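# Commentary on secondary and tertiary structure
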Amino acid sequence: MTTSTRSQTRRGTADIELETRIDALLAALTVEEKVGQLHLAFDLDPEDHREEIAAGLVGAGIYSHGANDVRETPPAPLAGTIAACQRIAREESRLGIPLLFGSDVVHGMRTTLPIPLGLAATWDTELVREAAARAAAEASAEGLHLTFAPMVDISAEHRWGRIGETLGGEPQLTSRMGAALVHGFQSDGRFGATAKHFVGYGLVDADRDQQTLSIGPNALHNVHLRPFRAAVEAGCRAIMVGLHDVDAIPMHAHRRLIRDLLKREWGFTGVVTSDWDGIGQLVDQGIAEDLRDAARQAMLAGVDLDMVSGAYRDHLPELVAAGDVELWMLDDAVRRVLRLKFRAGLFDAGADPAGAPAPLPVRRDTMLARRAAAASMVLLKNADILPLHSNLGVIHLCGPFVEDAGGLLGSWVYEHGEDTVTPADALAAQLDPDELIISDGRFADLAVRHADAADVTVALVGEHPSRSGEDRCLPTAELPVGQLELLRELASLGKPLVVVVAAARPLELRPVLQLADAVLLIWHPGAEAGPTLADVLLGHAAPTGRLPMSLPQTNRTPALGTIERTIGRRLGRSRDTSFGRYLNSLVNPELTLGFGLTYTSFAYSDLELSRAHLPMRAGVVRASVEVVNTGFRPGREVVQLYLRDLVADIVRPQLELADWRAIELDPGRSTRVTFKITPDLFAYTDRELRRRIDPGAVDVIIGPNAALGSSARLLLG
Ligand code: NOJ
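Rules used throughout
Residues numbered from 1 in each chain as written. Predicted model: local features only at pLDDT ≥ 70, side-chain atom pairs only at ≥ 80, totals over all residues. Heavy atoms only, no water. UniProt positions renumbered as here; feature names shortened; annotations may be inferred. Pairing = 2+ DSSP bridges. Helix = DSSP H or I, 4+ residues; strand = E, 2+ residues; numbered from the N terminus. Buried < 20%, exposed > 50% of the residue type's maximum accessible area, 1.4 Å probe, protein only. Right-handed = clockwise from strand over helix to strand, strands pointing away. Domains from an automatic or database assignment. Contact = heavy atoms within 4.5 Å. Buried area = accessible area lost by both parts, 1.4 Å probe. Salt bridge = Lys/Arg side-chain N within 4 Å of Asp/Glu carboxyl O. Polar contact = N/O pair within 3.5 Å; in protein donor to acceptor, adjacent residues only side chain to side chain. Nonpolar A, V, L, I, M, F, W, Y, C, P; charged D, E, K, R; others polar. Axes fitted to C-alpha atoms, helices over the stretch in contact; angles between N-to-C directions. Parallel < 35°, antiparallel > 145°, perpendicular 65-115°, else oblique. Left-handed = near helix turned anticlockwise from the far one by under 90°. Near = heavy atom within 4 Å. Areas by Shrake-Rupley, 256 points an atom, 1.4 Å probe, with all protein chains shown as cover. Core = buried A, V, L, I, M, F, W, Y, C linked by side-chain atoms within 4.5 Å. Arc of directions from axis to C-beta.

Under an unreviewed UniProt entry, the protein has the name beta-glucosidase and belongs to Microlunatus ginsengisoli. Here the protein is described in UniProt, under the heading Sequence similarities (unreviewed entry), as follows: "Belongs to the glycosyl hydrolase 3 family." UniProt lists a comment for the protein under the heading Catalytic activity (unreviewed entry), and it reads "Hydrolysis of terminal, non-reducing beta-D-glucosyl residues with release of beta-D-glucose."

### As for the sheet that holds strand E28 (residues 696-705)
Strand order across the open sheet formed by five strands is E21-E29-E28-E23-E24, with mixed pairing between neighbours. Single-partner strands in this sheet number two, and they are strand E21 (613-614) and strand E24 (656-665). As defined by bridge partners, strand E23 (residues 635-645) adjoins E28 across six bridges and the pair is classed as antiparallel. From the neighbouring strand, arginine 644 faces E28, where its bridge partner is aspartate 699.

### Some thoughts on the pairing of strand E15 (residues 456-462)
Counting buried residues in E15 gives seven out of seven residues, a clear majority hidden from the surface. Residues of E15 alternate between two faces, with Val456, Val458, Leu460 and Gly462 on one and Thr457, Ala459 and Val461 on the opposite face, all of them buried. Sheet topology places strand E13 (residues 395-398) next to E15; four bridges connect them, and they run parallel. Within E15, the position partnered with cysteine 398 by the bridge is alanine 459. Where the polypeptide runs from E15 across helix H18 (residues 483-492) and back to strand E16 (residues 497-502), its parallel neighbour, the crossover connection is right-handed.

### With respect to the domain arrangement of the protein
Taken domain by domain, the protein comprises domain 1 (101-343), domain 2 (366-538) and domain 3 (600-716). Of the residues lining the interface, 14 residues belong to domain 1; the matching set on domain 3 comes to 15 residues. By the criterion of area lost to domain 3, the three top residues of domain 1 are Trp123, Arg176 and Asn222, representing 49% of everything that side buries. Between the two partners, domain 1 and domain 3, sit three salt bridges. Of the charged contacts in the structure, one is a salt bridge between arginine 176 and aspartate 659, with a shortest N-O distance of 3.0 Å. Summed over the shared surface of domain 1 and domain 3, the number is seven residue pairs in polar contact (both at pLDDT 80 or more). Secondary-structure elements contributing two or more residues to the side of domain 1 that touches domain 3 are helix H7 (171-185) and helix H8 (217-224). Each residue belonging to the side of domain 1 that touches domain 3 can be placed in one class, and the counts come to four nonpolar, six polar and four charged.

### As for the packing of helix H6 (residues 125-141) against helix H15 (residues 366-376)
Remark: H6 packs on H15, axes separated minimally by 11 Å, with the N-to-C direction vectors making an angle of 140 degrees. If you check the angle between H6 and H15, you find them oblique. The two elements H6 and H15 cross, and the hand of that crossing is left-handed. Each of Leu127, Glu130, Ala131 and Arg134 in H6 lies in contact with H15, whose residues at this interface are Leu368, Arg371, Ala372 and Ala375.

### Describing the site of the ligand
Every residue lining the ligand is accounted for by Ile62, Ser64, Asp104, Phe148, Arg162, Lys196, His197, Met240, Asp275, Trp276, Trp412 and Glu470. Serine 64 places a polar side-chain atom, nitrogen or oxygen, 2.8 Å from an oxygen atom of the ligand. Residue aspartate 104 places a side-chain N or O atom 2.5 Å away from an oxygen atom belonging to the ligand. Within the complex, 98% of the 290 Å² of free accessible area of the ligand lies under protein. For the shell around the ligand, the residue count by class is five nonpolar, two polar and five charged.

### Overview of the nonpolar core
Core analysis: the biggest nonpolar cluster contains 163 residues, and Phe198, Tyr312, Leu380, Val501 and Leu521 have the highest contact counts within it. Here this core gets eight residues from one element, more than from any other, and that element is helix H14 (residues 327-343). Among residues more than four places away in sequence, those in contact with phenylalanine 198 are Leu225, Phe228, Ile239, Met240, Val241, Gly242, His244, Met251, Leu257, Ile258, Leu262 and Trp266. Membership of the second largest hydrophobic core comes to 35 residues, among which are Ala426, Ile522, Ala534 and Val536.

### A word on helix H17 (residues 444-453)
Along H17, the residues that are buried comprise Ala447, Val448 and Ala451. Buried residues along H17 cover an arc of 100 degrees about the axis, so they all sit on one side. Opposite the buried face of H17, by more than 90 degrees, sit the exposed residues Asp445, Arg449 and Ala453.

### Structural notes on the pattern of salt bridges
Once their charged atoms are close, side chains differing in charge can pair, the charge on each being opposite to the other. Counted under the stated rule, the structure contains 45 salt bridges. One salt bridge in this structure joins arginine 296 and aspartate 293, with 2.8 Å as the shortest N-O distance. Here aspartate 293 and arginine 296 lie together in helix H12 (residues 291-301), a separation of three residues that amounts to about one turn. A single salt-bridge network, built from bridges that share partners, covers Asp649, Asp686, Arg687, Arg690, Arg692 and Asp694.

### So, the packing of H15 against helix H20 (residues 529-538)
Helix packing geometry: the angle between the two helix axes and the distance between the axes. Interaxial distance between H15 and H20 falls to 9 Å at its minimum, and their mutual angle equals 55 degrees. Judged on the interaxial angle alone, H20 and H15 are oblique. Viewed along their axes, H15 and H20 form a crossing whose handedness is right-handed. Contacts from Arg370, Ala373 and Ala374 of H15 reach H20 at Pro531, Thr532 and Val536. In terms of residue class, the contact of H15 with H20 is built from four nonpolar, one polar and one charged.

This is how it looks when you write it as structure tokens:
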């Protein structure tokens, strides 16, 4: 027996043992207790909910503070409350089944890391995995077992408030980053991740939250389902369904997508959880008569866990008794929840009777937070001004964030910036007092006077986290009111101007790029925003992020993404002179997916294919390119591989990201970067909903971003 067969057999035996233990529990549970396992209650408290927990009427708990809670007090440490609830479940309920606890640990818990869009901008799966592993360790120390992350909805829509929670606008990037987050969150083998919001939520009509959406089979299978498939393949423990409807069928009642596709076709064995009150909302959406009917429809569709609506708890027993829900469906849902609890280690021998580890004094992982923040920052323009030279003279730092401790943390945070060093303090710590002037952002006129007295101004502008997140959509997405006027005034002084933009969406930055000598997009970088920014401005760290979606030219229309399909009628070479334009507005991206400068430069040459023919059966072609560091500092470059299928069964994207490699090169050094091209990279779902690879010509493009690259033709067949 080989080692891998032996370990497969061991895993197989462990799985059988686990299912046998679940069988035994299922046989012992009453219908009411089974239903209790499917009820996820919010803010469980050992005093208020003692009776429910002891009666086995609740199986899980969520502590949610919302994406944008700006309450005075941060969410209290959870460990004590969780341990007390757990003790009741274990010691006072009939079968002693422990509770499962989840929360939205999205970008760190005690170490606030960059928002997901920033993490995606790192294009660094290893770093992202490490970030998620840290977040999971911090969450576990609080007694939590599950996070409601990663969000793998695909959107390039700057108006949608939740775009900052996504991993960008491209299926391959989202799939790889999403899988890296799943691996990271689940790296201790116990803590679980939840991929959300199944499926297509990033396409909501008019970019307003929780709306309806129209989606055809191509967008569904070739774009939006892909990252969920990747998450399932990465072993993700749970999937959350979205609060939207897909072509008039609310996701919480979408049997074809949940029970048939996700569970049966894909073989997903984890838990499908509802979103907040998603089952209850079936009544408001007008497809269920009442909560009883909503519970029936959601159960039939395959939703296992009812987040807070109470519809299952109050109506499932009677639905089962009446034969409106078959017992096997209830048992299957309970089995999934119990499986998650077993995998979380809740039944392990020797587990703390309270079920929660003693709360650790978890300190922030400062180094990780700084590395992640610098890696997420995207340098959009640099007319030889950054990093700021030591002999530049007096630096003036201004803007609303410079003395604000919480504004750069992002949404879904567990702190309010108490131990956070502000950008002003961080820069002051590295400069002599006479080298720095700070304007705190209150008076624009004072900032202009200070700028006049300084040699260079760094303006830190952008959106506060409260402008992003759930139900924070905008009809147009420009800088917040007044900021562009300030930048215009500053630029009119004729002195060097560096603009640092904090944002949770791809804002319209065209006017800023025109006014400034350098533009750095930092998203919301997290707890170490200030010190990291100071390091980056002064050149002690380099910004190495790349855009995870295109930036729009105007705030009225999103930028066309790379996954945009080819259109039939073209008049000119540029997309702005072809059909599909607006008469008075631009549609081309200002900067495309993958764009990002750093403190050195790179040149590409000599694209080579190992052969011009790629056999359909197990063929491999190596595509390679020479990359040289042409600047004066060591640097990191993200070499990107894009593909174009020239003739297919359906209209294919103009360009699809297939792969990327990050390299580090010293000045003057070069290296050859090679990608393996296999036929499966060209697979897609065709008009008959079959997986398919077409023989024929394809283009292979390698470059530093989606707009720039050399291309070579390959024959598949
Ligand atoms: C609603 C949001 O849509 C979802 O993303 C989140 O996980 C839940 N609320 C729980 O807080």
